[in-house]
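Inside the fold
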Amino acid sequence: MAAVPARIDITEAAARLLAELVERHGPVMFHQSGGCCDGSSPMCYPRNEFRVGAADVLLGRLPGDTPFWMSADQFEYWRHTHLTVDVVPGRGSGFSLEAPEGVRFLIRSRLLSDAEVEALDADPPRTGADLGA
């Protein structure tokens, strides 16, 4: 049986920043909620300072066992895409941990192939409800 493809990945530059943030703040997590302004950008928070909702979807784990969560509504829009966390110069307008560094995380995406969609649909992601949120 073929391995289930990943829904989420991270660039080398974003992984380096993530490692620095973990070094400084301890375990972190990402959440992407949707909405206006920077609401559709991935936000990086200390893991124990953000409460995941029952409907939030766990897309996967990034380096350092860093979970990447997405709101259910946002997931419906992005479910047919592979997402890659990247980092670019500039400040976002949220409370994400990278903001004081003068950079911001963003998502790059590509459409999943039909085979990837089929494999992922056969192995649906876990939600906050599955994990007792």
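So, a few notes on the structure that sits alongside this text. (Residues numbered from 1 in each chain as written. Predicted model: local features only at pLDDT ≥ 70, side-chain atom pairs only at ≥ 80, totals over all residues. Heavy atoms only, no water.)

Looking at the overall build of the chain
Using the following cut-off: Secondary structure elements are defined from DSSP: runs of H or I of at least 4 residues count as helices, runs of E of at least 2 residues count as strands, and each element is numbered from the N terminus. Based on C-alpha atoms, the radius of gyration is set beside the globule rule, defined as 2.2 Å times the residue count to the power 0.38. A 1.4 Å probe rolled over the protein chains alone gives each residue an accessible area, and that area as a share of the maximum for its type sets the label: buried under 20%, exposed over 50%, partly exposed in between.
Helix and strand counts for the chain come out as three helices and seven strands. Listing every helix and strand of the chain by position from the N terminus yields β-α-β-β-β-β-α-β-β-α. Taking 2.2 N^0.38 as the reference for a compact globule, 133 residues should give roughly 14 Å; the C-alpha atoms of the chain span a radius of gyration of 14 Å, in line with that estimate. With the C-alpha coordinates of the chain rotated into their principal frame, the extents come out at 40 × 30 × 30 Å. Among the 133 residues that make up the chain, the fraction classed as buried is 42%.

Brief notes about the packing of aromatic side chains
What counts here: Here is the rule: rings of Phe, Tyr and Trp (six-membered ring for Trp) pair when centre to centre is within 6.5 Å. Planes less than 30 degrees apart are stacked, more than 60 are edge-to-face, and the remainder are tilted.
Tallied over the full model, the rule gives three aromatic pairs. Pairing Tyr 45 with Phe 50 gives two aromatic rings, centres 4.9 Å apart and planes at 5 degrees, and the pair type is stacked. According to the relative accessible area criterion, Phe 50 is partly exposed, its value standing at 26%. An aromatic cluster is present here, built from Phe 30, Phe 68 and Phe 105 joined pairwise through their rings.

Some words on the sheet that holds strand β2 (residues 28-32)
The strands that make up a sheet pair up through hydrogen bonds in the backbone, lying either parallel or antiparallel. Condition: Paired strands, as defined in this entry, are two strands with at least two bridges between them according to DSSP. Axis definition: a line fitted to C-alpha atoms, over the contacting stretch in the case of helices. Angles run 0 to 180 degrees between N-to-C directions.
Across the sheet, four strands lie side by side as β3-β2-β5-β4; this open sheet has mixed pairing. Bordering the open sheet on either side are β3 (43-46) and β4 (57-62), each of which pairs with just one other strand. Each strand of the sheet is rotated relative to its neighbour by a mean of 25 degrees, with strand direction disregarded. Pairing geometry for β2 and strand β5 (residues 66-70), over three bridges, is parallel. Looking at the pairing, Phe 30 lines up with Phe 68 of β5.

Here we look at the pairing of β2
Counting buried positions along β2 yields five of five residues, so the element is predominantly enclosed. Of the two faces of β2, the one carrying Val 28, Phe 30 and Gln 32 and the one carrying Met 29 and His 31 are both buried. Summarising the sheet, β2 and β3 pair through four bridges and their orientation is antiparallel. Bridging across to β3, Phe 30 finds its partner in Cys 44.

Topic: the environment of Ile 107
Quick reminder of the rule: We call two residues in contact whenever any of their non-hydrogen atoms come within 4.5 Å of each other.
As for its position among the elements, Ile 107 is in strand β7 (residues 103-111). Placed 75 residues apart in sequence, Ile 107 and Gln 32 show a C-alpha to C-alpha distance of 9.6 Å. Among residues more than four places away in sequence, those in contact with Ile 107 are Gln 32, Pro 42, Phe 68, Trp 78, Leu 83, Thr 84 and Val 85.

Notes on the pattern of salt bridges
It is possible for side chains of opposite charge to pair when their charged atoms get near one another. Definition in use: Any Lys or Arg side-chain nitrogen found within 4 Å of a carboxyl oxygen on Asp or Glu counts as a salt bridge.
The final tally for this structure, using the stated rule, is five salt bridges. A salt bridge links Arg 110 to Glu 116; its shortest N-O distance comes to 2.9 Å.

So, the sheet that holds β7
Within the open sheet, the three strands sit side by side as β1-β6-β7. Their pairing is mixed. Whereas interior strands pair on both sides, the edge strands pair on one side only; in this sheet they are β1 (8-10) and β7. Sheet twist, expressed as the average angle between the axes of neighbouring strands with direction ignored, equals 30 degrees. One ladder, built from nine bridges, connects strand β6 (residues 81-89) with β7; its direction is antiparallel. From the neighbouring strand, Val 85 faces β7, where its bridge partner is Ile 107. Of the strands in this sheet, β1, β6 and β7 are in contact with helix α1 (residues 12-25), which crosses β6 at around 70 degrees.

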